[in-house]
Amino acid sequence: MSDPRQTDPVLDAERLREVADLGLLGGEHDAELQTIARSAAERLGLPIGLVSIVLSDAQVFAGTHGLGGWLEEANGTPVEWSFCANSVRTGEPFVVEDATTHALVRDNPLVREDGVRCYAGIPLVSSRGLVLGNLCVIGTEERSFGPEEMEILAELAHAAVERIESRAGRR
Amino acid sequence: VRARRLRNGETQSEEEALYYQGTSRGEAGATVASHAYRGPTATDSEAALARVVGPERGAELWAEACQAAGVRAGNDATPDELQRATDFLVAQGGAVATVARAIQIRIRTYERLAARGATAQGAS
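Residues numbered from 1 in each chain as written. Chains lettered and ligands numbered in written order. Predicted model: local features only at pLDDT ≥ 70, side-chain atom pairs only at ≥ 80, totals over all residues. Heavy atoms only, no water.

Caption draft 1: Just the overall build of chain B, in detail. Counting its regular elements, chain B contains five helices and five strands. Secondary structure of chain B in N-to-C order comes out as β-β-α-β-β-α-α-α-α-β. Looking at chain B as a whole, 49% of its 124 residues qualify as buried. A separation threshold of at least 6 residues defines the contact pool for chain B, and within that pool the share at least 24 residues apart is 51%. (Helix = DSSP H or I, 4+ residues; strand = E, 2+ residues; numbered from the N terminus. Buried < 20%, exposed > 50% of the residue type's maximum accessible area, 1.4 Å probe, protein only. Contact = heavy atoms within 4.5 Å.)

Structure below.
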């Protein structure tokens with residue numbers, strides 16, 4: 001059996017050390033990251049915006065807008081439910097127009113039970129080239145995402161990484 | 001939080017009772033049926049460490065964490081005990097800390113889902 005550390009970028013120890021070094025283990029929300037999450041949701045007209053950090057076995061939210069219920073209380077989810085983990089694995093944006101038909105997420109409990117229908121996420125790439133997680137928006141109705149909207153998310157993702165690295169003393 | 005006394009003389013809070021509902025304590029956490037989600041156990045936690053730092057180092061770290069947190073050996077740790085053991089690991093920093101935080105989020109996910117009234121059934 002292959003070593004999961006060699007096959008799954010989510011488990012890459014260098015990436016996880018970067019997450020820890022940047023103080024992204026969660027617990028408290030950063031006001032600027034909250035603003036970025038809210039801006040992403042509002043500018044794309046969707047109810048939820050997140051700055052999501054992907055750990056080894058869970059994702060944790062460093063900034064949130066529009067969450068409610070158990071997701072807000074838990075401030076994260078198991079990694080197997082994380083849409084954002086797809087970007088950690090590919091290094092690319094991840095877009096879901098209709099989660100109920102998307103092969104990678106249609107059986108996800110967040111889709112089946114919690115009503116997630118659309119998603120767009122842009123990787124948060126540190127200056128060392130490691131993917132920390134995603135800036136993402138989530139909606140409860142299917143929809144497509146145009147290039148201009150993805151550009152907005154990319155700009156906000158860049159701002160989020162700047163904030164993360166700045167508060168860690170890297171900038 | 002009300003507590004009940006187990007046959008072995010230990011007490012168990014309602015929260016713990018829910019966590020281990022339908023299981024023999026020490027085997028596995030209960031499952032939240034709506035999300036088909038089981039709360040993590042000590043075995044799950046050690047395995048999570050092993051996936052990142054390797055099996056030998058993972059076992060060493062988990063043993064250290066259990067000792068430091070006063071957690072009983074084996075797979076019958078309560079959620080509070082898992083929380084204490086993972087708190088120790090969070091303090092170690094680095095990749096180990098991220099695994100420990102992930103375990104804590106998995107515990108909290110289970111507790112929040114169970115608390116909202118989702119039907120909990122024994123793990124099968």
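Caption draft 2: Layout of the interface of chain B and chain A. Listed per partner, the contact involves 23 residues of chain B and 31 residues of chain A. Both sides together, the interface formed by chain B and chain A hides about 2200 Å², and carbon and sulfur atoms give 63% of it. Its salt-bridge partner being Glu80(A), residue Arg106(B) comes within 2.7 Å of it at the nearest N-O pair. The tally of links from chain B across to chain A stands at seven residue pairs in polar contact (both at pLDDT 80 or more). Put simply, the parts of the chain that give the side of chain B that touches chain A at least two residues each are helix H2 (42-53) and helix H5 (94-115) of chain B. Tallied by class, residues from the side of chain B that touches chain A come to 11 nonpolar, six polar and six charged. (Buried area = accessible area lost by both parts, 1.4 Å probe. Salt bridge = Lys/Arg side-chain N within 4 Å of Asp/Glu carboxyl O. Polar contact = N/O pair within 3.5 Å; in protein donor to acceptor, adjacent residues only side chain to side chain. Nonpolar A, V, L, I, M, F, W, Y, C, P; charged D, E, K, R; others polar.)

Caption draft 3: Region of interest: the packing of helix H3 (residues 55-69) of chain B against helix H4 (residues 79-90) of chain B. Residues and elements named next belong to chain B. The contact between H3 and H4 brings their axes to 8 Å, and the two run at 115°. Along this stretch, H3 crosses H4, giving a crossing that reads as right-handed. Contacts between H3 and H4 pair Leu 61, Trp 62, Glu 64, Ala 65, Ala 68 and Ala 69 from the former with Leu 82, Arg 84, Ala 85, Thr 86, Phe 88 and Leu 89 from the latter. Looking at the contact of H3 with H4 residue by residue, the classes come out as nine nonpolar, one polar and two charged. (Axes fitted to C-alpha atoms, helices over the stretch in contact; angles between N-to-C directions. Left-handed = near helix turned anticlockwise from the far one by under 90°.)

Caption draft 4: Representation of the layout of surface pockets. Residue and element names in this part refer to chain A. Considering only enclosed or pocket space, the largest pocket measures out at about 280 Å³ in volume. Elements supplying a minimum of two residues to the lining of the largest pocket: strand E1 (48-54), strand E2 (58-65), helix H4 (69-74) and strand E6 (131-139). Split into classes, the residues belonging to the lining of the largest pocket amount to 14 nonpolar, eight polar and one charged. (1 Å grid on protein atoms, 1.4 Å probe; cavity = no way out; pocket = protein on both sides within 12 Å on 5 of 7 lines; lining within 4 Å. Points joined across faces, edges and corners; volume = space filled by probe spheres on them.)

Caption draft 5: Structural detail: the nonpolar core. Core analysis: the largest hydrophobic core is formed by 35 residues, its most contacted members being Ile53(A), Leu124(A), Leu135(A) and Leu153(A). Elements with a contribution of two residues or more to this core: helix H3 (31-44), E1, E2, strand E5 (118-125), E6 and helix H7 (147-167) of chain A together with H5 of chain B. When residues in this core are grouped by element, the largest group, eight residues, is from H7(A). Excluding its chain neighbours within four sequence positions, the residues that come into contact with Leu153(A) are Ala40(A), Leu44(A), Ala120(A), Ile122(A), Leu135(A) and Val137(A). Core analysis: the second largest hydrophobic core is formed by 32 residues, Trp70(A), Cys84(A), Ala85(A) and Tyr37(B) among them. (Core = buried A, V, L, I, M, F, W, Y, C linked by side-chain atoms within 4.5 Å.)

Caption draft 6: Spatial organisation of empty space enclosed by the protein. All names here are of chain A. For the structure on display, the rule yields one cavity of 30 Å³ or more. In terms of lining residues, the largest cavity is bounded by Gly 23, Leu 24, Gly 26, Glu 28, Asp 30, Leu 33, Ala 62 and Arg 167. Grouping the constituent residues of the lining of the largest cavity by class yields three nonpolar, two polar and three charged.

Caption draft 7: Region of the structure containing the environment of Glu165(A). All names here are of chain A. Relative to the helices and strands, Glu 165 resides in helix H7. You can call Glu 165 buried: its relative accessible area is 1%. Not counting residues within four places of it along the chain, the set of residues in contact with Glu 165 comprises Leu 22, Ser 126, Ser 127, Arg 170 and Arg 171. In this structure the side chain of Glu 165 is engaged in a polar contact, spanning 2.9 Å, whose partner is the backbone nitrogen of Ser 127.

Caption draft 8: How the structure looks around the packing of aromatic side chains. Scanning all chains against the criterion turns up five aromatic pairs over all chains. Here the aromatic rings of Phe83(A) and Phe94(A) are separated by 6.4 Å at their centres, their planes lie at 75°, and the arrangement is edge-to-face. With Phe83(A) in the loop between strand E3 (76-78) and helix H5 (85-90) and Phe94(A) in strand E4 (residues 94-96), this residue pair connects regions lying 11 residues apart in the sequence. Relative accessible area serves as the criterion here: at 4%, Phe83(A) is assigned to the buried category. Ring pairs connect the aromatic residues Trp70(A), Trp81(A) and Tyr37(B), which therefore count as one cluster. (Phe/Tyr/Trp six-rings, centres within 6.5 Å; stacked < 30°, edge-to-face > 60°.)

Caption draft 9: Quick look at H4(B). All names here are of chain B. For H4, spanning 12 residues, the distance from its first C-alpha to its last is 16 Å, which sits close to the expected 16 Å at 1.5 Å a residue. Within the sequence span of H4, burial applies to Pro 79, Glu 81, Leu 82, Ala 85, Thr 86 and Leu 89. All buried residues of H4 lie within an arc of 155° about the axis, which places them on one face of the element. (Expected span 1.5 Å × (residues − 1). Arc of directions from axis to C-beta.)

Such coordinate-based values are descriptive only and should not be taken to indicate function.
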